[in-house]
Each structure stands twice: as C-alpha cells, then as structure tokens.
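What follows is each chain in one-letter form.
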Amino acid sequence: MIEDVKLPEISENVESGVVTGILVKAGEFVEKESPLVELETEKATFEVPSPVAGKVVEISVKEEDEIQVGQVIVKLDTEAEQAPPEPEKATGVETIEEPKAKEQTPPPAQEKAEAVKVEQEQTPQETKTPPAKAVSAAPAVRQLARELGIDISRISGSQPGGRISAEDVKNHAKILIAGGGPTGGGRISKPLPDFTKWGQVERQPMTVIRRKIAETLSYAWSNIPHVTQHDQADITELERFRAEYAQRIEQAGGKLTVTSILLKVVASALKAFPNFNASVDAQSSEIILKKYYHVGVAVDTDRGLLVPVIWDADKKSFLQLSVELTDLAEKARNNKLTPEQMTGGNFTISNLGGIGGTGFSPVIYWPQVAILGVSRASRQVTYVNGELLPRLALPLSLSYDHRIIDGAESARFVRWIAQRLEQPFLLAIEE
Ligand code: CAO
C-alpha cells in the first residue's frame, strides 16, 4: 500500500517551513520515527520523522522548497519488505554517504590542506572497514565540511541526537590542524588486522557519547604532557564527621560523601594555587588564570563517562555541595543533564573509590590543567604520636599539565588537599 506522508502540525502559529535537507533516498527502506527531511521554520530547525515504516517510492519535495503543513513530503510503500543488508553495511543503520575527502577539490589555504592531509592519512582503515554511519547535519554544514576537506561522518555532533553544527565542523578542523584526532592525536591510524582469521568478532558502532569521549581524551592525551603525583590522606576523623552529619544532609536531599567534601577542599586549593585553576593558550603562549571556581565531577553512567560541573564551589556549603552533586549525578545517570550543566569547569574530581582500586592516572580534561583521581579508602596501621593505630587512608592521584606546573608544586598542592581532609577545621580558619 502506498501511503502519503504529510508534513504534520509543527507548533502554534507555524504553518510552513523550508526544506533544508532530504535525509532519505528513493528505494530506501525507512523505519518508523527515522528522519525524512530537515525543515527550517522561523522558530527552529528540526527533522521530520516518518510516522510509519516503509520503502520510499517517491520524494515529493526538494531542498529549499517552502512546504505547508499537510503537504506530501514522501510516498512510502508500507507493505514492502526490507531488503537484507548489504554485506559491507550490515548494521541496519540508515546511511547517508558523504563524498570521500579524496574526491574533493583541495581547499586553497595551507590550513585546509593540512586538514585534508590528516584526514586522508587516516582514511584507508576507516573507509575500508567500518560501515558508513548516519549523519545528521544541515546542507550548509555538510558544504562547510566538504570545503574543509573533512569527512563529516567522523565528526561527533554536539546537538541533540548527535546532530552536527557548523561549530562542530570548525572545532574538528582545529583539532586536525593542531595535530589531534579522534583516532589518536593526529597519528596515522594503521589498518587493523583481519581478526576473523583468529575467531568470531562483532562490530559495534560507537555511540555519539563514546566518540566524543574518545575525541576529547585523545586530544588531551596527545597535547598535554601528563605527570601523576600520588599521595594519601588520613580520613579517619573525616569519616567521623561524615557519619555525624550524614543524616542532616540526607534530610536536605543530598549525600555527604568523600566527593562532596572534596569539592569544597578542591575549590579552596584552587584559590591557594592559582596555576591549577588555569588554561594554557598555546597559540599566544599565555596562561589564562581564572577567577571563578567551577569544579567538575566525573560520573560513571551506563552510556559512558559524563562530567557535570558544580559552579562556584568555593561559595557553597558542604550541605549545598552534597545536594547539588547528588542531583547532578542522578541527572547524568538519567540522561537529564543540559549542555550548560557540563560546561565551564576549571578542574575535575574523578572518584573511583566507590568501586575499588589503590590508584590510577586520570587523563586531564582539556582545556583544564589538572585532575584529581581518588581511589578506595582502606584501613592501614600507622604510627601516630609513637603509637601504631588503625587509620583510614584515602589514595589521591593528581595528574597535571607539566608545561605549567612543576613537580614540587604538584606535591604541595596534593599535600595541601590531604591536610584539609585530615583537619577540615583548617578550611574554617582560612576562609
Ligand atoms: N573510598 C571508599 N569509599 C568510597 C569512596 C572512596 N574513595 N568514594 C565513595 N565511597 C563510598 C561512599 O561512601 C558510598 O558508600 P556508602 O553508600 O556506604 O555511604 C559508596 O562508595 C558510593 O558512593 P557514591 O558513588 O554514592 O558517592 P560519591 O559522592 O562518593 O561519588 C560519583 C559520586 C558521581 C563520583 C560516583 O558515583 C561515580 O560515578 N564515580 C565514578 C567516576 C568515574 O568513573 N571516574 C573515572 C573517570 S576516568 O578518569
């Protein structure tokens, strides 16, 4: 049966929109809810989803058409069977092929040529092996990527649903020019061996979040000279304090934990050690010292690592920090964080202690210059005033940017934090 798919009601007082992208091809099978066209109205740009599954028999609109609510967009054969996937593209993912960078006219500027070079160097493995992936981007954005010689399918979109913006394309170009890249910091990615020679394998496309994480961490790892300084804090007294106030904070809707306490301690440490509350501007050879104290916390979610940011951590009480952290961690796990809640951080805390481990080397969250890793507190027998006593020791691992932070300064910074965890009243005296 052939069904006309019409432009549905958009919103109040919006009767029409301009088609800015056709997202399907004639003959292609579309799933229910998969996007058909991209539409720009005076209020927003969005994708029009298909209300039913079927095979596209006709596309009734073209790019730049102004179409009205109720107008036919495509005709679908809703009884057509979905063809089995081609061997090379056996993902079941709807694909929009982008022209290969090699086939495009090289851009004139030196910068652009550099971008093309890095893309092409990385191309052999990527074009031969993984299946093409669905790309969501406006035609103007696709055009920009083509002009820059960038394969748009390798960009992680920052917009809802992984949609790629012009800004994403420019940022990707900057990363390539600076020598970074999702597959390993501008290094040529070698073709993989054929693993099926040795046994069964399964290919899974990376999610948008996973690609973003890979890109961010590769860039940081290949551009920041990392060193990790290890220390430990005696938190025996702090644990007493935590137990004493836990209930009060729980009544306010938060959880007083090592992490929420660290938020306060770290914010004070950043004030005392301005080099840790900084970013490096490699282009102008300047250090940017920030006068605000926003601290990120790495949260483990089933979709991957997310880093919500607690703004103005220095101005908040333990109670406020505990409530806010509980709320943001929950939002992160329920996919409810807004982009704003993940931006602006100057420093990050990554606490793996709830899971276990004795130490690790966290990767700095660029453009920050340091990150504090926290591992599991354990009972240790320690000499205290000439006596052997059981004490609770919290391992701390600070990774720092060795371009602007020296080893001695890093040791002083972690010691400073350890001392405030051991004697929290120091914070009260100093504020
Ligand atoms: N040592 C011992 N116990 C610890 C601990 C530590 N360092 N950190 C937390 N715990 C305990 C807590 O006290 C809590 O125990 P109770 O339930 O008995 O009170 C339990 O572990 C769970 O803690 P939590 O996760 O609820 O609370 P938190 O504020 O300490 O941590 C958060 C919050 C968001 C940091 C954490 O849940 C998380 O996601 N951690 C993983 C971060 C991560 O993946 N980092 C790696 C990034 S790569 O660099």
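Each value, and the rule that gives it
- Residues numbered from 1 in each chain as written.
- Predicted model: local features only at pLDDT ≥ 70, side-chain atom pairs only at ≥ 80, totals over all residues.
- Heavy atoms only, no water.
- Salt bridge = Lys/Arg side-chain N within 4 Å of Asp/Glu carboxyl O.
- Near = heavy atom within 4 Å.
- Polar contact = N/O pair within 3.5 Å; in protein donor to acceptor, adjacent residues only side chain to side chain.
- Areas by Shrake-Rupley, 256 points an atom, 1.4 Å probe, with all protein chains shown as cover.
- Helix = DSSP H or I, 4+ residues; strand = E, 2+ residues; numbered from the N terminus.
- Core = buried A, V, L, I, M, F, W, Y, C linked by side-chain atoms within 4.5 Å.
- Buried < 20%, exposed > 50% of the residue type's maximum accessible area, 1.4 Å probe, protein only.
- Contact = heavy atoms within 4.5 Å.
- Pairing = 2+ DSSP bridges.
- Lys, Arg positive; Asp, Glu negative; His and termini not counted.
- pLDDT = per-residue confidence, 0-100.

What to know about the pattern of salt bridges
In this structure the tally under the stated criterion is 14 salt bridges. Taking the shortest distance from any N to any O, the salt bridge between Asp312 and Lys315 comes out at 3.8 Å. Put simply, Asp234, Glu237, Arg240 and Arg391 are held in one network by salt bridges that share partners.

Overview of the site of the ligand
Contacts to the ligand come from 22 residues, most closely from Thr257, Thr259, Arg333, Ser350 and Asn351. For the ligand, an oxygen atom lies 2.8 Å from a polar atom in the side chain of Arg333. Here a nitrogen atom of the ligand sits 2.9 Å away from a polar atom, N or O, in the main chain of Ala377. When the ligand is considered free in solution it has 970 Å² of accessible area, and contact with the protein chains removes 70% of it. Elements represented by at least two residues in the shell around the ligand include exactly β13 (299–301), α7 (318–333) and β16 (347–351).

Some words on the nonpolar core
Counting residues in hydrophobic clusters, the biggest one holds 50 residues, and the most contacted among them are Phe347, Leu396, Ile417 and Leu421. Counting residues per element, the ones that place at least two in this core are α5 (236–251), α6 (258–272), β12 (295–297), α7, β16, β17 (370–374), β19 (387–401) and α8 (407–422). The element contributing the most residues to this core is α6, with 9 residues. Other than its neighbours up to four places away in sequence, Ile417 contacts Leu262, Val265, Val266, Ala269, Leu372 and Leu396.

Section: the sheet that holds strand β1 (residues 2–6)
The strand order across the open sheet formed by 4 strands is β1-β8-β6-β3, and the pairing between neighbours is antiparallel. Either end of the sheet is taken by a strand with one partner, and the two such strands are β1 and β3 (29–30). Bridging between β3 and strand β6 (residues 54–59) involves 2 bridges; their strand directions are antiparallel. For Phe29, the partnering residue across the bridge sits in β6 and is Lys55.

Details of the side chain of Asp77
Looking at where Asp77 falls in the secondary structure, it is placed in strand β8 (residues 72–77). One buried charge, Asp77, has no salt-bridge partner; the nearest side chain with opposite charge is Lys55, at 6.5 Å. Within the local environment of Asp77, its side chain forms a polar contact with the backbone nitrogen of Glu79, the two atoms lying 3.0 Å apart. Of the polar contacts made by the side chain of Asp77, one reaches the backbone nitrogen of Ala80; its length is 3.3 Å. Not counting the four nearest positions on each side in its chain, Asp77 is found in contact with Met1, Ile2, Gly54, Lys55 and Val57.

Topic: the confidence of the model for the chain
For the chain, the average pLDDT comes to 84, and 83% of its residues sit at 70 or higher. Counted against residues more than four places away or in other chains, residues 86–128, with its pLDDT under 50, gives 69 contacts. Across residues 180–188 the pLDDT falls below 50, and counting only partners more than four positions away or on other chains, this stretch makes 27 contacts in the model.

Remarks on the environment of Val24
Position of Val24 relative to the elements: it lies in the loop between β2 (16–22) and β3. On the basis of relative accessibility, which here comes to 5%, the residue Val24 falls in the buried class. Sequence separation between Val24 and Val56 is 32 residues; the distance between their C-alpha atoms is 7.8 Å.

Brief notes about the pairing of β19
Taken across its 15 residues, β19 has 11 buried, putting it largely inside the fold. Here 9 bridges tie strand β9 (residues 226–234) to β19, and the two strands are oriented antiparallel to one another. Considered in β19, the bridge of Gln232 is made with Pro395. Of the strand pairs in this sheet, β17 and β19 are connected by 5 bridges, and their pairing is antiparallel. Across the sheet, residue Val374 finds its bridge partner in β19, namely Leu396. In the sheet, strand β18 (residues 378–384) pairs with β19 via 7 bridges, with the strands oriented antiparallel. Bridge assignment links Gln380 to a residue of β19, and that residue is Arg391. Between β18 and β19, which follow one another and run antiparallel, lie 2 residues, and Asn385 among them has a positive phi close to 50 degrees.

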